Structures are given as C-alpha cells and as structure tokens.
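Understanding the architecture of this molecule
One letter stands for each residue in the lines below.
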Amino acid sequence: MMEKKMYIGGQWVHSVTEKTSNVTNPATEEVIGVVPSASREDAAIAIDAANEVFESWSKTTASERCNYLFKTSELLIERADEIAEILTLEQGKPFAEAKGEVLFAAEYFRLYSEEAKRIYGETIPAPTPNKRLLVIRQPIGVVAAITPWNFPALMIARKIGPALAAGCPVVVKPAEQTPLTAIAIFEAFEKAGFPAGVVNLVTGKGSRLGPEFLENQKVKKITFTGSTEVGKYLAKGSADQMKRISLELGGHAPFIVFEDADLDKAVEACIISKFRNAGQTCICSNRIYVQDSIMKAFSDKLAERVQSLKLGNGFEKGVDIGPLIDRNALEKVQEHVEDALNKGAKLVTGGSVWNRDGLAGSFFAPTILTNVDDSMLICHEETFGPVAPLLSFSTEEEVIKKANNSSYGLASYVFTRDLGKAFRVSENLEYGMVGVNDPLPTVAQSLFIGWKESGLGYEGGKYGMDQYLELKYISMVLND
Ligand code: NAD
C-alpha cells in the first residue's frame, strides 16, 4: 500500500482539506495506494509557488536548465524498473510496455535538455540604416499541465520537458487513476535538484481543479492531453483571459492496407497499432480498411495472431494485453461491440468480457469484427479497447474518402509497397500524422500533432518548444 503526498513549493504535502482518494489496480481491483485529493485552494497554492519563481527560473541559463533536465532523464533510466512497476500496478499495461514508456519519458527529458540551448532569435534587415530589428523568444509563464491515464509517464515528459526547458515553472495534474507514476517522476525532479516551486504536482479531480487553472490569472498556459470533450471545455474557458492552450485530444485512426502491401508485416503492424496498451492509445487504429482482394487473407492471418495474444496481469510472464483502465472503459467497449453485432457485423474472434474464472479485473478479450460499416458506433467514436473492426474497399479514391470521414484527425496509417501511392495517400489524408508501413510513428525528436477535433497546437521534437515561448519583436533606433 503506497501512501503518498503531492509536491508543492519543494515540499511533499497533504491537501489543505486532508481529503484523500484511493488508487486501484485495474488487474485485481485492489486498492494499492492513497493520494491527496486536492482542492481548488491546493491548486492555487501550487500556482502561487510556481509564479513566485517564474522570474528567477526564466532567467537561469540554458545550461542550468539543461543540467536539471538531463539529470532527471538519467534518474528515470536508473529507476526505470521501479517506476514501471508502479505504472503497471496502477495502469495495467504489461511490465515491458510500462518500462518502455518510462525510458521513452526519459528520452523526452533528454531531448528537451538539449533543446533548452536552442532557443534562438532572429535579426531582420531594417528598412532604414539606423534601425535594428530583432525577434526574440521568451518563456510564457506558469504552465498548468493536465495529463491522462493511458501514458502516465510519457505525457508528463512530453509536456513539461519543453516547458521547463523554455524557462516556465509548471503545475502538473495527472489523471485520478494514475497519480503514483506522476509522484515517482516528481521524486526524480526532487533528486535532480530543481529549485523549490519550479515543479509542482497536485493530485485530484479534473472537474475541481480545471476551473482554478482556467480562472487563475497567474496561469499563462494550459497544456492538456485527454478527451475531446474536456479539451473543448478548456478551449472555451481559456477564451476569457486569452490563455494560451495546447490540446492533444482523441483520435480515430484509419489503418489502410493496400493489396500490394507486405501482408505479414501489415498484420504484425496491425497487432501493434491496435492492441498495444489494450487498445487504449489515442493513435490506435480504429478503422482497419483492407483492399477487398486481400480481405480474407488479411483477416485469417490477423485472427491467428490475435488468438495467440495472451491476456492477463501485466506482471505475468508473456502477457501481451492487460486490463482496461476500469469498469466504465469495459462497458464502453462492450457497447461498441454489441452495437456493431446488432447492426450486422460478424464476430471473427473475441467479443466479450474475458472470463477469468471469477477473478476480478476489467479485461476484454481481443476482438476482430468484419462486415463493419459506417452506421456503427465503432466507426465514429473512439473505442479505446482491443477491438479491430475490418472494413473493405476497392479503390484508392474510395478509401481516402472513407478514411477522411471523421471529425478526428490525429494518426493514420498506410500499408503499400508503391511509392507513388504512399505519397499520394499520405498527402490526401486529413490527419496530422501518417505512418507509412509504420505502426509506431511517435518518436521524441519529431512532431506529434492532431488536426481537426483532435487538437490545437502540437508537441514533440524542436516543435514542442514553441508552445511555451512567446515571440517578442524589438525595434531599435540607434543614436548617432
Ligand atoms: P479525460 O479527458 O477524461 O481526462 C484527461 C485528464 O483531464 C485527466 O487528468 C482528468 O482528470 C482531466 N479532467 C477531466 N475533466 C476535467 C475538467 N473539467 N477540467 C480539467 N481537467 C479535467 O480523458 P481520459 O479518459 O483520461 O483519457 C483518454 C482520452 O485521452 C482519449 O480520448 C484519448 O484519445 C486521449 N489521448 C490523447 C492523446 C493525444 O496526444 N492526442 C494522448 C493520450 C490520450
């Protein structure tokens, strides 16, 4: 049983209300930890702590900020096993995936330790000889970061790595389901020696703390990853103060397999893209479009692979798929599958809550559906579960039209060996990211971006820095 506190102003603290909330293991439904349930007042205290050090933190040298971030990265690598254990306990993903996530988070901190040194400005040729024109980049101010439960380490790193590198102090609010991973990362911040107030953590309900982030004038930027619904609420709420926001929201990725693709590789890619993290990633494939001439071969091979996937507690050896995050998630997946079956979809494998001989845990069997069409919920809403709906198509034009028929625009995937087709389809997809023969396009050094209702702004690589820096224009007239 882990009993933990929040981190505010360089101290581990309880909520001023002394209220707490439990953390549950989704594989066993046992309570594994207790953390503070922060009030608005706690959030305000954390924002004050961050605001007090904004001036001093923003004036540190790039090398100083680089050192803190680099040290954090090293500490996460050192403690990767321990943090991954906490992550699997509270989130459920298999231990190997959890460890991969912690190391990936370390990579983001490492990348942003380097980017801290590249906050360049520009000089612009002036219209008169006695003028000098400069554009410089300066940190925005206090950043509030709200993160989801599906990547509890990675999302923190991708947001506050660049914020800290830019010179912004931060207040992080992790998802209620996964505060323990966030706390482990903050233990690393403490050990890395960040000055008090630069990094702050409040654990508690989004609906309670969100309004404080929106209304508190000291918060200059909100960065959020989570559902489109909450993203829209934050976008509306930010308008009053013209608060800067970055939103990484839901997705509904098309995964397109052309008949000239390498079938085995496409099947393997589908397994990764669809079933990683039990299908609970925003870039998971949601609609798998297979050219009709290869539909049977693809679906047979996929079914064989899916039936070999092992479900279970993320700590068990050889487990590929853990539980869903909670019972609500399980119900949503069930609803999508039932809706599709009622409307004529065919069940190839899976299709139900996994029978664990009476054991607890929110497990859903990996599922394949064929005969899927646009009338089904699964074609429009994020399922966030291990269900692969297969849809057939005959031409390139047709599949592009179908794939683009979504209000989401995050990730998309194309499998083909035809270079021309790869370019044409990539350019015509209305999505921020395209993986061509690549089920894992996300890397620290590149862009992560959602179009349409999948987001506002972007993260990752050198681009991530822009979100925490304001441009400033200086025009100077030289004295004689
Ligand atoms: P969610 O929106 O319910 O919660 C995300 C975070 O927002 C949590 O910390 C939660 O406490 C907080 N929150 C909830 N209500 C709030 C409010 N009124 N004000 C402020 N904060 C509030 O989403 P979730 O169910 O935890 O996460 C799954 C969603 O996240 C999916 O839609 C998924 O696609 C999306 N996601 C997107 C990305 C991306 O980068 N685009 C990455 C991972 C997950």
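Look up: the structure comes first, before these words.
These numbers come from a predicted model, not from an experiment.

**Remarks on the overall build of the chain**
- Looking only at helices and strands, one finds 14 helices and 25 strands in the chain.
- Relative to a compact globule of 480 residues, whose C-alpha radius of gyration would be 23 Å, the chain shows 23 Å and is just as compact.
- Taken along its principal axes, the extent of the C-alpha atoms in the chain is 80 × 60 × 40 Å.
- Expressed as a percentage of its 480 residues, the buried residues of the chain come to 56%.
- Within the chain, residue pairs in contact and separated by at least 24 positions form 73% of the contacts whose partners lie at least 6 positions apart.
- Split by element, the accessible area of the chain, about 19800 Å² in all, is 51% carbon and sulfur.

**Examining the sheet that holds strand E5 (residues 30-36)**
- Reading across from one edge, E1-E5-E4 is the order of the three strands in this open sheet, with mixed pairing throughout. Edge positions in the open sheet fall to strand E1 (2-3) and strand E4 (20-25), since each of these has one partner strand only.
- As judged from the two bridges shared by E1 and E5, these two strands associate in the parallel manner. Residue pairing for E5: Glu-3 is matched across the bridge by Val-34.
- In the packing of helix H6 (residues 179-192) onto the sheet, contacts are made with E1, E4 and E5, and the angle to E5 comes to roughly 55°.

**Examining the sheet that holds strand E7 (residues 131-139)**
- Strand order in the open sheet made by the three strands is E6-E7-E25, with antiparallel pairing throughout. Of all the strands in the sheet, just strand E6 (122-124) and strand E25 (469-477) have a single pairing partner and so form its edges. Adjacent strand axes in the sheet meet at a mean angle of 25°, parallel and antiparallel pairs treated alike.
- Pairing of E6 with E7 involves three bridges; the strand directions are antiparallel. Within E7, the residue paired with Ile-124 across the bridge is Leu-133.

**Description of the packing of helix H2 (residues 62-78) against H6**
- Here H2 crosses H6 at 130°, and the two axes come no closer than 9 Å. Classified by the interaxial angle, the pair formed by H2 and H6 is oblique. Judged by the twist between their axes, the crossing of H2 over H6 is right-handed. Residue-level contacts link Tyr-68, Lys-71, Thr-72, Leu-75 and Leu-76 of H2 to Ile-185, Ala-188, Phe-189, Lys-191 and Ala-192 of H6.
- Tallied by class, the residues present in the contact of H2 with H6 amount to seven nonpolar, one polar and two charged.

**Structural notes on the site of the ligand**
- Around the ligand, a shell composed of 28 residues is seen, among which Thr-147, Glu-176, Ser-227, Leu-249 and Glu-382 lie nearest.
- Between the ligand and the protein, one listed contact pairs an oxygen atom with a backbone N or O atom of Thr-147 at 2.7 Å.
- Between the ligand and Ser-227 there is a distance of 2.6 Å, counted from an oxygen atom to a side-chain nitrogen or oxygen.
- With the chains in place, 88% of the 850 Å² that the ligand exposes on its own is no longer accessible.
- Sorting the residues of the shell around the ligand by element identifies helix H5 (154-166), helix H7 (206-215), strand E11 (219-225) and helix H8 (228-238) as the ones contributing at least two each.
- Per-element accounting of the shell around the ligand gives the leading share, three residues, to H7.
- Partitioned by chemical class, the residues of the shell around the ligand number 14 nonpolar, nine polar and five charged.

**Some details on the pattern of salt bridges**
- Summed over the entire model, instances satisfying the criterion amount to 26 salt bridges.
- Linking Lys-421 and Asp-260 is a salt bridge whose minimum nitrogen-to-oxygen distance equals 2.7 Å. Taken as a pair, Lys-421 in helix H13 (residues 419-428) and Asp-260 in the loop between strand E13 (253-257) and helix H9 (263-275) lie far apart in primary sequence, 161 residues in all.
- Residue Asp-260 is classed as partly exposed on the basis of its relative accessible area of 24%.
- Notably, a salt bridge pairs Glu-398 with Lys-402, separated by 2.8 Å at the nearest N-O pair. Taken together, the residues span about one helical turn, with Glu-398 and Lys-402 both in helix H12 (residues 396-404) at a distance of four residues.
- If you follow the salt bridges from partner to partner, you end up with Lys-4, Arg-79, Glu-82 and Glu-187 in one network.

**Some remarks on the environment of Ala-126**
- Assignment of secondary structure puts Ala-126 in the loop between E6 and E7.
- Since its relative accessible area comes to 30%, Ala-126 is described here as partly exposed.
- For the pair Ala-126 and Ser-475, spaced 349 residues apart in sequence, the C-alpha to C-alpha distance is 8.9 Å.
- Filtering out sequence-adjacent residues up to four positions away, Ala-126 remains in contact with Lys-131 and Leu-133.

**Focus: a negative patch on the surface**
- Taken together, the side chains of Glu-331, Glu-335, Glu-338 and Glu-381 define an acidic patch exposed on the protein surface.
- Its location among the elements puts Glu-338 in helix H11 (residues 327-342).
- Classification of Glu-338 by relative accessible area gives partly exposed; the value is 47%.

**Things to note about helix H1 (residues 40-58)**
- For H1, which comprises 19 residues, the first-to-last C-alpha distance of 26 Å matches the rise-based estimate of 27 Å (1.5 Å per residue) to within 8%.
- The largest bend in H1 is about 35°, located at Glu-52.
- Looking at H1, one finds that the buried residues are Asp-42, Ala-43, Ala-44, Ala-46, Ile-47, Ala-49, Ala-50, Val-53, Trp-57 and Ser-58.

About the cut-offs
Residues numbered from 1 in each chain as written. Predicted model: local features only at pLDDT ≥ 70, side-chain atom pairs only at ≥ 80, totals over all residues. Heavy atoms only, no water. Helix = DSSP H or I, 4+ residues; strand = E, 2+ residues; numbered from the N terminus. Rg over C-alpha atoms; globule rule 2.2 N^0.38 Å. Buried < 20%, exposed > 50% of the residue type's maximum accessible area, 1.4 Å probe, protein only. Contact = heavy atoms within 4.5 Å. Areas by Shrake-Rupley, 256 points an atom, 1.4 Å probe, with all protein chains shown as cover. Pairing = 2+ DSSP bridges. Axes fitted to C-alpha atoms, helices over the stretch in contact; angles between N-to-C directions. Parallel < 35°, antiparallel > 145°, perpendicular 65-115°, else oblique. Left-handed = near helix turned anticlockwise from the far one by under 90°. Nonpolar A, V, L, I, M, F, W, Y, C, P; charged D, E, K, R; others polar. Near = heavy atom within 4 Å. Polar contact = N/O pair within 3.5 Å; in protein donor to acceptor, adjacent residues only side chain to side chain. Salt bridge = Lys/Arg side-chain N within 4 Å of Asp/Glu carboxyl O. Patch = residues over 30% accessible without salt bridge, like charges linked within 9 Å, V, L, I, M, F, W, Y side chains within 5 Å. Lys, Arg positive; Asp, Glu negative; His and termini not counted. Charge placed at Lys NZ, Arg CZ, Asp CG, Glu CD. Expected span 1.5 Å × (residues − 1). Bend = angle between axes of the 7 residues up to and from the residue.

All we've got here are geometric facts, nothing functional implied.
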